[in-house]
Amino acid sequence: MAITSIAVGHHSEAARPDALKAALAEFISTLIFVFAGEGSGMAFNKLTDDGSSTPAGLVQAALAHAFALFVAVSVGANISGGHVNPAVTFGAFIGGHISLIRSILYWIAQLSGSVVACLLLKFATGGLTTSAFSLSSDVTVWNAVVLEIVMTFGLVYTVYATAVDAKKGNIGIIAPIAIGFIVGANILAGGAFDGASMNPAVSFGPAVVSWTWTNHWVYWVGPFVGAGIAAVIYEVVFGTSSTHEPIPSADF
């Protein structure tokens with residue numbers, strides 16, 4: 001089972017040059033992703049007088065995040081595995097593909113990249129708000145948790161099937177495209193209900209910069225539970241090989 005392959009790692013791993021380079025790659029990739037995704041929403045609101053909650057705004061968000069994530073995963077793949085998401089890193093950890101020590105480095109880098117991206121956006125736009133994720137009026141926190149679990153399950157399952165599985169063969173070359181597509185599709189499905197985060201870092205940056213924490217825990221619990229379920233199911237049922245290394249990326 002997947003649980004038997006979990007590795008904590010040694011504290012010295014945090015100072016290894018390859019681990020630090022991987023963390024820097026995660027910082028840069030997450031900054032690129034959040035800057036483009038959050039920035040596109042801010043630009044759309046400016047051009048349409050706060051029209052992000054319209055059908056056109058939902059399509060715009062899906063396309064912007066799908067394109068930006070495709071690029072962010074691609075540019076980080078050969079260095080860090082291109083996680084760009086604490087939930088993806090957690091799923092890789094549960095499956096034994098990355099140690100806890102390296103996971104913590106990734107989480108710090110991903111959260112920092114998101115915060116810096118939002119600070120840059122606020123400065124570059126003359127102080128416009130980086131809106132924190134929120135629930136629509138007819139959605140409860142538990143509705144949102146289920147949404148985040150299901151959407152993140154789909155994302156991490158896609159990551160495993162296209163980027164992690166040692167048996168993936170040539171399908172590995174389309175991993176960044178598939179990962180971007182599933183995020184875009186999930187935004188179309190869940191964006192009108194809770195914003196469709198699937199990524200604690202994406203939620204964390206805007207929350208810090210706007211200092212808005214209402215129901216913020218939803219965007220941690222849902223993605224981490226969904227990622228963990230996807231990792232365990234894929235490992236147990238389909239049996240990937242555990243390496244205690246970042247997500248394989250040679251075929252990206």
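Everything numeric here is computed off the predicted structure, so don't read it as measured data.

S.K.: Where do I start with the UniProt feature "transmembrane region" (unreviewed entry) in the protein chain in this structure?
M.R.: Annotation from UniProt places "transmembrane region" (unreviewed entry) at residues 24-44, 56-75, 115-135, 141-160, 172-193 and 217-237. Counting secondary structure, residues 141-160 comes out at 100% helix and 0% strand; the distance between its end C-alpha atoms is 28 Å. Secondary structure content for residues 217-237 is 95% helix and 0% strand, while the C-alpha to C-alpha distance between its ends is 30 Å.

S.K.: What exactly am I supposed to notice about the pattern of salt bridges here?
M.R.: Within the structure shown, the criterion is met by two salt bridges. For the salt bridge of Asp 18 with Arg 16, the shortest nitrogen-to-oxygen distance reads 2.7 Å. Judged by relative accessible area, which is 32%, Asp 18 ranks as partly exposed. Classification of Arg 16 as partly exposed rests on a relative accessible area of 37%. Ionic pairing is found between Asp 18 and Arg 102, a salt bridge with its closest N-O pair at 3.0 Å. One end of the pair, Asp 18, is in helix α1 (residues 17-48); the other, Arg 102, is in helix α4 (residues 100-124), with 84 residues separating them in the sequence. Linked by salt bridges that have partners in common, Arg 16, Asp 18 and Arg 102 make up one network.

Reading the values: the criteria
Residues numbered from 1 in each chain as written. Predicted model: local features only at pLDDT ≥ 70, side-chain atom pairs only at ≥ 80, totals over all residues. Heavy atoms only, no water. UniProt positions renumbered as here; feature names shortened; annotations may be inferred. Helix = DSSP H or I, 4+ residues; strand = E, 2+ residues; numbered from the N terminus. Salt bridge = Lys/Arg side-chain N within 4 Å of Asp/Glu carboxyl O. Buried < 20%, exposed > 50% of the residue type's maximum accessible area, 1.4 Å probe, protein only.

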